[in-house]
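# Structural description and commentary
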Amino acid sequence: MSDQQKDDRRKAPGDDRGAATQGLENIIAGREEKLARLAEAAPAYPYRFDRTHRSHEIRAAATTLMESQERVRFAGRLMAKRGMGKTMFAPLDDEWGRLQVYFKKDDLGPEAFKRAQKLLDLGDVIGVEGHLFETRTGELTIHVERFELLAKALRPLPEKYHDMSVELKSRRRHLDLAMNLETRERFRRRSAIVTELRRHLDEAGFLEVETPALQPLYGGATARPFVTRHNALDMELYLRIADELYLKRLIVGGLDRVYEIAKDFRNEGMDRTHNPEFTMLEAYAAYWDYHDMMDLAEALLRRLGERFGEDGTITYGEHTIDVSRPFARVRFMDALVEATGEEVGALDDAALADLARSRGVKIKPGMGRDRVLDELFSELVEPTLIQPTFVMDHPKELSPLAKDHREAEGLVERFELFVCGFELANSFSELNDPREQRRRFEAQMTLAAAGDDEAQQLDEDFLEAMEHGMPPTGGIGIGVDRLIMLLCDCHSIRDVLLFPAMRPEGRQERPGFSEDWQRKADDDQAADQAGQEA
RNA sequence: GGGCCGCUAGCUCAUCUGGUUAGAGCAUCUGCCUUUUAAGCAGAGGGUGCCUGGUUCGAGUCCAGGGCGGCCUACCA
C-alpha cells in the first residue's frame, strides 16, 4: 500500500465530511487515527496506573466514599458510551464487575471532554479519577475529574445484547472474558476450587510435588499417549497419561503423603467431557488403604459442597446432589447383579457375552471377561449413579495397579466415585508386592498381544523401585475438570477450560509442522556434531 | 470415526418454492442533546454470502468435494 493510499484510508473518521468508513479495516483505521490524536495529549501506552479501589471495593465502601467525597482512582474497559451533548455516562468493567463513570464538560474542560466524547472507543482501557455520587435513578457513579487512556482498543468488541457464539467464546476467550462477567466469575471459581483442594491436602499433611510430563514410558492408566521427540537425547518421549508410577516412587523413597495437580495428555477423542489435555489430581498416602481414601474423598467433596454449594448440596442441571451425608457404597458386582437381575458372577463367559449383547453392549474379540463386565457396568450402572456413590471392589483384570482384595477372590481393593453419572475419582489400595506387580504387567502384555490396545506397558524402573520396599499405600486420582464442571453446573468441559482444544481456524499461514520440525532437529544435530569436531 | 444441523456486515441474526440493487438490531461515521441505563432523535456508510468446482438464461438459495463449528453417537477420564 502506498503512503498516499494509507493517508486516504486514515483520513476517513477524522474528517468532518468523512470519507465513508467501511468494514473492519476502516474501523481499525479510524481507531488508529483516534489513538494518534489522543497521543498528542498524553502517552498512548502509559506504564502504570495507581488504582485506589477495584469495582467491588468501591461498592462495598460506597456510603463512606460518598460522604467523604474523597477521590477514587479506578480503571477498566469502556463498555458503552451514552453521550448527551455536554455530558456522557459510560460503564467501565474491571475483573470484579461494572462501575459507571460520568463525564461532564463543565468539570473536565472542553478539550478533555471532547477527547472523551470523540476519541474514546468501546473497548478502550482507561483510568479515571473522581468522586462518587448516585444518579437520580440511584446508580453508583464516579464523577470523572481526570481520565487517561491506558490502552486503545483498535478492534471492536462483539455485540453486547446477544450471546457470542459458542465457537467464538472458545476461540477468543479474551473476548468472552471481557464481555461476560459470568465467565470471569466461573474461572475465578475454578481457581478457588483448586486452591481449596490444595488447602485440604496440605492440612492433611500431604506434600505437593512435581513429576515428569515427558516420560520414556507411559503408564498409570489405560490410554493412548502423545509422542514427542527429544533432540539432544535423540529419543522418543511420551507426554504423561498419568503421574501414578512416579508418585509411587516417592512413596518408596519415604515422602509418605504426596499429591500432584497436573495436566495429563491422552491422545483420544474429544467431546463434552473429554479434552486432550486435562487436569488430574493424584494423591498417595503411605500406610493407608482404600477405605482411608474413601474418607478423604468424602471429606473433600463435603468441604467443597460447603464452600461452593448451598447448604451442602450442589445443583447440577436438574439434579440436586447432597454431599453432606456419607456417600452410598456399593460393590461393583452387586451393582451389576441389581442392574441386570442376573447372577452375573455365576455365568460362564459365553452366557455373560450373550447377556451383554442382549443389553446392547458391544463385545469385541479379545475382550477379556472382566472387560465385558466393565462395559456392562458402564452401560447399565454408571448413568444411574446420580448421588455420590462409591463403587468398590472391581474385577482384577481391569486394575493392574491395585492390590488383591483382602477377602474376595478375583477382585481388587478399588473404588470409583460416581456423581451425576460420571466418574469423578478412581482409587485403590495400591499394589505393593513387586512380584505380583510383575505378573500383572505380564498379564497386561498377554492382553495386548491378544489385541487389547489399551493394555498397560511393563515399566522395569517402576518395578525396581517397588522391589526396594513400598509401604502399604492408598492412592486416588480425581478428575479436576469434571469436579469443576460439577461445582459450576457446567455441562461441557469446554466451559471450564480457558483454552479448550480446537482445530485451527486456518486464518494464518502455518508452517508444515512435522516436516519442518524434523528437519530443524536434524540440522541442529548436524550443527552440534560439526561444533564438536571443530 | 458415523449421523443430523449450521457457516450471510466487526457481532447476533433475517433473506419463503433459484429471479430487480442481499436486509435488520448492535457497533461505526455525521449532526443534535448537561443525571443516562439495551439513553434518545435525524441522517450516512459498511458484504469474497466459508472455499473449490458443477447445473442453470440466472445461484446466498440446487448438486458434488473440501474446511470449520454445534448437537447426537462411538472411544475414553
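Residues numbered from 1 in each chain as written. Chains lettered and ligands numbered in written order. Predicted model: local features only at pLDDT ≥ 70, side-chain atom pairs only at ≥ 80, totals over all residues. Heavy atoms only, no water.

## Examining the pattern of salt bridges
Convention followed: Salt bridge, as used here, is a side-chain nitrogen of Lys or Arg placed within 4 Å of a carboxyl oxygen of Asp or Glu. Strands are runs of DSSP state E lasting at least two residues, helices are runs of H or I lasting at least four, and both sets are numbered from the N terminus onward. When accessible area is computed with a 1.4 Å probe and restricted to protein chains, residues below 20% of their type maximum are described as buried, those above 50% as exposed, and intermediate ones as partly exposed.
Evaluated as defined, the whole model comprises 49 salt bridges. A salt bridge links Glu430 to Lys248; the shortest N-O distance between them is 2.6 Å. Placement of the pair is Glu430 in the loop between strand E18 (422–429) and helix H15 (434–449) and Lys248 in helix H10 (residues 244–253), with a sequence separation of 182 residues. Here Glu430 matches Lys248 in class, with each residue buried.

## Quick notes on helix H16 (residues 460–467)
What counts is decided by this rule: Each C-beta atom gives one direction from the helix axis, and the arc is the one those directions make. Pairs of N or O atoms within 3.5 Å make up the polar contacts considered here, provided that, within protein, one atom can donate a hydrogen while the other can accept it, and that residues adjacent in sequence are counted only when both atoms are side-chain atoms.
Along H16, the positions that sit buried rather than exposed are Phe462, Leu463, Ala465 and Met466. For H16, the arc enclosing every buried residue in end-on projection is 160°, short of the 170-degree limit, so these residues lie on one face. One side-chain oxygen of the residue at the start of H16 lies 3.2 Å from the amide nitrogen of Asp461, identifying that residue as Asp459. Two residues or fewer after H16 comes Gly469, characterised by a positive phi angle close to 105°.

## Points about the sheet that holds strand E8 (residues 214–215)
Put simply, the test is: Strand pairing requires that DSSP identify at least two bridges connecting the strands.
Reading across from one edge, E8-E10-E9 is the order of the 3 strands in this open sheet, with antiparallel pairing throughout. Among the strands making up the open sheet, the edge pair consists of E8 and strand E9 (227–230). With 2 bridges connecting them, E8 and strand E10 (residues 235–239) associate as antiparallel partners. Across the sheet, Gln215 pairs through a bridge with Tyr238, a residue of E10.

## What about the packing of helix H2 (residues 23–41) against helix H6 (residues 110–119)?
Test applied: To get an axis, a line is fitted to the C-alpha atoms, and for a helix only the part in contact is used. The angle between two axes follows their N-to-C directions and goes from 0 to 180 degrees. In what follows, roughly perpendicular refers to angles from 65 to 115 degrees, roughly parallel to angles under 35, roughly antiparallel to angles over 145, and oblique to any angle outside these ranges. Take the far helix as your reference; a near helix turned counterclockwise from it by less than a right angle gives a left-handed crossing, and one turned clockwise gives a right-handed crossing. Should any heavy atoms of two residues lie within 4.5 Å, those residues are considered in contact. Put simply, Ala, Val, Leu, Ile, Met, Phe, Trp, Tyr, Cys and Pro go in the nonpolar bin, Asp, Glu, Lys and Arg in the charged bin, and everything else, Gly too, in the polar bin.
Contact pair H2 / H6: the axes reach a minimum separation of 11 Å and the direction vectors enclose 160°. Between H2 and H6, the crossing angle belongs to the class labelled roughly antiparallel. As for the relative orientation of H2 and H6, their crossing is left-handed in sense. Here Lys34, Arg37, Leu38 and Ala41 of H2 come into contact with H6, specifically with Arg115, Lys118 and Leu119. Class assignment for the residues of the contact of H2 with H6 results in 3 nonpolar, no polar and 4 charged.

## With respect to the domain arrangement of chain A
As a reminder of what qualifies: What marks off one domain from the next here is an automatic or database domain assignment. Two parts placed together each lose some accessible area; with a 1.4 Å probe, that loss summed over both constitutes the buried area.
Domain annotation of chain A identifies domain 1 (3–157), domain 2 (178–268 + 278–319 + 387–507) and domain 3 (328–383). Using C-alpha coordinates to define each centre, domain 2 is positioned 24 Å away from domain 3. Counting residues at the interface gives 19 residues for domain 2 and 15 residues for domain 3. Here domain 2 meets domain 3 over a buried area of about 1,600 Å², counting both sides, of which 57% is carbon and sulfur.

## Regarding a positive patch on the surface
The criterion, for reference: Patch definition: residues with relative accessible area over 30% and no salt bridge; like charges joined within 9 Å; nonpolar side chains (Val, Leu, Ile, Met, Phe, Trp, Tyr) joined within 5 Å. The Shrake-Rupley method, run with a 1.4 Å probe sphere, supplies the accessible areas, and residue values consider only the shown protein chains as cover. Only four residue types enter the charge count, namely Lys and Arg as positive and Asp and Glu as negative; His and the chain termini do not. Charge positions are represented by NZ for Lys, CZ for Arg, CG for Asp and CD for Glu.
A cluster of basic residues, Lys86, Lys105, Lys114 and Lys118, forms a positive patch at the surface. Inspection of the secondary structure assignment puts Lys86 in the loop between strand E2 (82–83) and strand E3 (87–94). The exposure class of Lys86 is exposed, given its relative accessible area of 56%.

## A word on the sheet that holds strand E19 (residues 473–479)
As summarised here, the arrangement of the 8 strands in space is E7-E11-E12-E19-E18-E17-E16-E15, forming an open sheet in which the pairing is mixed. Sheet topology places strand E7 (207–208) and strand E15 (328–331) at the edges, where each strand pairs with a single neighbour. With 5 bridges connecting them, E18 and E19 associate as antiparallel partners. Opposite Asn426, over in E19, you have Gly477 as the bridge partner. Against the sheet, H10 contacts strand E11 (257–265), strand E12 (277–286), E18 and E19, and its axis sits at roughly 25° relative to E12.

## Some points on the packing of aromatic side chains
Heads up, the rule is: Note on aromatic contacts: the rings of Phe and Tyr and the six-membered ring of Trp form a pair at centre separations within 6.5 Å, being stacked when their planes are under 30 degrees apart, edge-to-face when over 60 apart, and tilted otherwise. Here, a charge over a ring is recorded when the distance from Lys NZ or Arg CZ to the ring centre is within 6 Å and its angle to the ring normal is within 35 degrees.
Going through the model one piece at a time under the given rule, you end up with 11 aromatic pairs. Between Phe89 and Tyr102 the ring centres are 4.6 Å apart and the planes differ by 35°, which places this aromatic pair in the tilted class. Of this pair, Phe89 sits in strand E3 while Tyr102 sits in strand E4 (residues 97–104), and the two are 13 residues apart along the sequence. When sorted by exposure, Phe89 lands in the same class as Tyr102, which is buried. These aromatic residues form a ring-pair network of at least three members: Phe89, Tyr102 and Phe133. Here Arg54 stacks its cationic end above the ring of Trp96, 4.4 Å away from the centre of that ring. Note that Arg73 overlies the ring of Phe49, its terminal NZ or CZ placed 4.4 Å from the centroid.

## Examining the packing of helix H12 (residues 332–340) against helix H14 (residues 369–380)
Two elements in contact, H12 and H14, have axes whose closest approach is 10 Å; the angle formed by their N-to-C orientations is 60°. When the interaxial angle is binned, H12 and H14 end up oblique. The two elements H12 and H14 cross, and the hand of that crossing is left-handed. Across the interface between the two elements, Phe332, Met333, Ala335, Leu336, Ala339 and Thr340 of H12 pack against Leu373, Asp374, Leu376, Phe377 and Leu380 of H14. Here the contact of H12 with H14 is composed, by residue class, of 9 nonpolar, 1 polar and 1 charged.

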